[in-house]
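Topology and contacts: notes
Listed here are the chains, written in short residue letters.
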Amino acid sequence: MADIFTIAVPELVIVISEDQKMDFAGFIRWTIATHPNFNQDAAGIRAAARLERKFEYITGTEPPKSFDLDTEDLQRLRVAVENPQGGYPIRPAHRMLPFVDAVVDAQQKE
């Protein structure tokens, strides 16, 4: 059985510009869309689909406070957030640290 890790979802919303904001779900979706870990092979596409499902909640309801990932999906996500393709947008990059840290600091379930 694979190890399971829990990621605590930051309740932060980053203001990128006057008309553009990003929450943690948006950060994960952006990571999936821009990193080859999630689009170069079938395993990556399946991992992207599993991650996307973690944020399928009804609009107007509260997003999840945390979610679980197995070791393989967490490692794929960690690589993507620690080494983003093309880097992070310069202006809000430091504001994204809570999102990056949430992934990097995932806790193993006992």
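In this report, the structure presented in the accompanying data block is examined. (Residues numbered from 1 in each chain as written. Predicted model: local features only at pLDDT ≥ 70, side-chain atom pairs only at ≥ 80, totals over all residues. Heavy atoms only, no water.)

1. A short note on helix 3 (residues 71-82)
Taking 1.5 Å per residue as the helical rise, helix 3 with its 12 residues ought to reach 16 Å, and the 16 Å between its terminal C-alpha atoms agrees with that figure. In the core, the buried residues of helix 3 are packed alongside strand 1 (4-8), helix 1 (24-34), helix 2 (42-53), strand 4 (66-70) and helix 4 (97-104). Among the residues of helix 3, the N-terminal cap falls to D70, whose side-chain oxygen and the backbone nitrogen of E72 are separated by 3.2 Å. (Helix = DSSP H or I, 4+ residues; strand = E, 2+ residues; numbered from the N terminus. Expected span 1.5 Å × (residues − 1). Contact = heavy atoms within 4.5 Å. Polar contact = N/O pair within 3.5 Å; in protein donor to acceptor, adjacent residues only side chain to side chain.)

2. Let's talk about the pattern of salt bridges
Applying the stated criterion across every chain, the model contains 5 salt bridges. Put simply, K65 and E11 hold a salt bridge, and the shortest N to O gap is 3.4 Å. Taken together, the residues span a long stretch of sequence, with K65 in the loop between helix 2 and strand 4 and E11 in the loop between strand 1 and strand 2 (14-17) at a distance of 54 residues. Here the two residues K65 and E11 agree in accessibility, since each one is exposed. (Salt bridge = Lys/Arg side-chain N within 4 Å of Asp/Glu carboxyl O. Buried < 20%, exposed > 50% of the residue type's maximum accessible area, 1.4 Å probe, protein only.)

3. Some remarks on helix 2
For helix 2, built from 12 residues, the straight-helix expectation of 16 Å at 1.5 Å per residue is met to within 8% by its first-to-last C-alpha distance of 17 Å. Buried residues along helix 2 sit against helix 1, strand 4 and helix 3.

4. Brief notes about the packing of helix 1 against helix 2
Running from N to C, helix 1 and helix 2 point in directions that differ by 170°, and their axes come no closer than 10 Å. Here helix 2 runs roughly antiparallel to helix 1, going by the angle between their axes. Relative to helix 2, the crossing made by helix 1 is left-handed. Residues I28, R29 and I32 of helix 1 form the contact with helix 2, whose participating residues are A48, L51 and E52. When its residues are assigned to classes, the contact of helix 1 with helix 2 shows 4 nonpolar, no polar and 2 charged. (Axes fitted to C-alpha atoms, helices over the stretch in contact; angles between N-to-C directions. Parallel < 35°, antiparallel > 145°, perpendicular 65-115°, else oblique. Left-handed = near helix turned anticlockwise from the far one by under 90°. Nonpolar A, V, L, I, M, F, W, Y, C, P; charged D, E, K, R; others polar.)

5. Notes on the side chain of R76
Residue position: R76 is located in helix 3. Within the structure, R76 has its side chain in polar contact with the backbone oxygen of N37 (distance 2.6 Å). Once residues within four sequence positions are removed from consideration, R76 is found in contact with N37, F38, D41, A43, G44 and A47.

6. Focus: the nonpolar core
Within the largest apolar cluster, 27 residues are counted, with the highest numbers of intra-cluster contacts made by I7, F24, F27, I28 and L77. For this core, the secondary-structure elements that each account for two or more residues are strand 1, helix 1, helix 2, strand 4, helix 3 and helix 4. Per-element tally for this core: the top contributor is helix 1, with 5 residues. In this view, I7 contacts F24, K65, S66, F67, L69, L74, L77, A102, V103 and A106; residues no more than four positions away in its chain are not counted. (Core = buried A, V, L, I, M, F, W, Y, C linked by side-chain atoms within 4.5 Å.)

7. Comments concerning the packing of aromatic side chains
Applying the stated criterion to the full structure yields 9 aromatic pairs. By the ring-pair criterion, three or more aromatic residues cluster together here, those being F24, F27, W30, F55, F67, Y88 and F99. The positively charged end of R78 is found above the aromatic ring belonging to F5, 6.0 Å away from the centroid. (Phe/Tyr/Trp six-rings, centres within 6.5 Å; stacked < 30°, edge-to-face > 60°. Lys NZ or Arg CZ within 6 Å of the ring centre and 35° of its normal.)

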